[in-house]
Amino acid sequence: MRISEIAALVGVTTRAVRHYHHLGLLPEPARLANGYRQYSVREAVALARIRRLTELGLGLDEVRDVIADDAGRELADVLAELDADLARQEREIRARRVRLGALLARAAEGPLTPEDELSPELADLLAELGTGESASLMAAKDRELLALLETAAPPGERDRLMAAVRSTAATPGAVERAHRVYALLDELADAESSDPRVEVAARALADCLPPELRAQIAANAGAAAAADQGFLKAFLADFAPAQAEAVRRAMRMISEKGGTDG
């Protein structure tokens with residue numbers, strides 16, 4: 001069989017056959033005197049197996065493992081790993097469809113807002129904090145930051161952060177302290193960095209942060225010293241100078257105390 005014939009027989013393209021040769025998945029067949037490849041039934045069987053494995057969802061590197069000699073992985077192991085990955089994707093798709101269903105239900109009642117796009121967990125948390133009811137610009141920034149972290153942070157880090165904020169929100173008086181910090185920072189919108197109120201806002205902010213977050217700031221004191229780098233630089237760039245200085249001072253206070261409450 002010529003390459004076009006074996007490709008048609010198995011249901012793949014000639015380009016795919018050549019690619020499998022290049023990757024070493026399909027051995028090169030013998031060539032005729034005129035240089036054309038001459039495929040046998042054995043090569044057709046091997047090519048059909050490659051097609052079956054790729055249709056199961058295996059990548060070409062995994063296919064190579066399966067069809068390799070004794071050094072390769074067992075097919076059952078690869079399929080079990082693939083099945084677990086598909087199950088995870090199924091769970092994620094079901095969760096996304098639940099969220100989409102809730103959004104569609106809200107859309108039927110009126111126009112959607114950016115707040116509606118948040119996960120139910122974060123929406124409930126913000127409701128507990130009462131930031132949506134506040135006219136504070138700092139409260140609005142807080143909402144935006146939490147929404148960003150929920151979207152961009154790795155799952156484990158995001159879960160720890162949300163758990164810390166949720167634990168803080170449940171602490172008696174925590175919401176009132178948070179709104180006091182918002183008010184203090186709002187007052188610095190047109191102030192100079194040397195304004196005495198900067199120190200007051202910094203101390204209130206340091207005392208208001210969750211213990212878990214204080215411990216993390218203290219643990220990363222070296223990185224915190226480079227306070228104008230990376231994400232923190234972009235975060236503070238959206239603040240007025242006095243507000244940014246209050247945040248920097250709060251971080252220094254926490255680092256000096258080692259993240260403890262005392």
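For clarity, every value in this text was computed on a predicted model and none was experimentally measured.

K.L.:
Would you mind showing me how to read helix H2 (residues 14-23) here?
P.N.:
Side chains of residues three or four places apart in an α-helix project in the same direction, reflecting 3.6 residues per turn. Buried within H2 we find Ala 16, Val 17, Tyr 20 and His 21. Along H2, the residues classed as buried sweep out an arc of 145 degrees about the axis, all on the same side. Exposed and oriented more than 90 degrees from the buried face of H2 are Arg 15 and His 22. In this structure, the buried residues of H2 make contact with helix H1 (3-10), helix H3 (41-55) and helix H4 (60-67). Looking one or two residues past H2, Gly 24 carries a phi angle of roughly 80 degrees, positive in sign.

K.L.:
Teacher, can you tell me more about the environment of Gly 57 here?
P.N.:
Structurally, Gly 57 is set in the loop between H3 and H4. We classify Gly 57 as partly exposed; its relative accessible area is 44%. Placed 26 residues apart in sequence, Gly 57 and Asp 83 show a C-alpha to C-alpha distance of 9.4 Å. With sequence-adjacent residues up to four places away left out, Gly 57 is seen in contact with Glu 62 and Leu 82.

K.L.:
Would you mind going over the pattern of salt bridges with me for this structure?
P.N.:
Opposite charge on two side chains permits pairing when their charged atoms draw close. Under the counting rule described, the total for this entry stands at 11 salt bridges. Measuring nitrogen to oxygen at the nearest pair gives 3.0 Å for the salt bridge that ties Glu 92 to Arg 88. Residue Glu 92 and its partner Arg 88 are both found in helix H5 (residues 75-107); the two are separated by four residues, about one turn of the helix. You can call Glu 92 partly exposed: its relative accessible area is 36%. One salt bridge in this structure joins Arg 249 and Glu 245, with 3.0 Å as the shortest N-O distance. One end of the pair is Arg 249 and the other is Glu 245, both in helix H14 (residues 241-257) and four residues apart, which spans about a single turn. Taken together, the salt bridges that share partners define one network made up of Glu 199, Arg 203, Glu 245, Arg 249 and Arg 252.

Calculation notes
- Residues numbered from 1 in each chain as written.
- Predicted model: local features only at pLDDT ≥ 70, side-chain atom pairs only at ≥ 80, totals over all residues.
- Heavy atoms only, no water.
- Buried < 20%, exposed > 50% of the residue type's maximum accessible area, 1.4 Å probe, protein only.
- Helix = DSSP H or I, 4+ residues; strand = E, 2+ residues; numbered from the N terminus.
- Arc of directions from axis to C-beta.
- Contact = heavy atoms within 4.5 Å.
- Salt bridge = Lys/Arg side-chain N within 4 Å of Asp/Glu carboxyl O.

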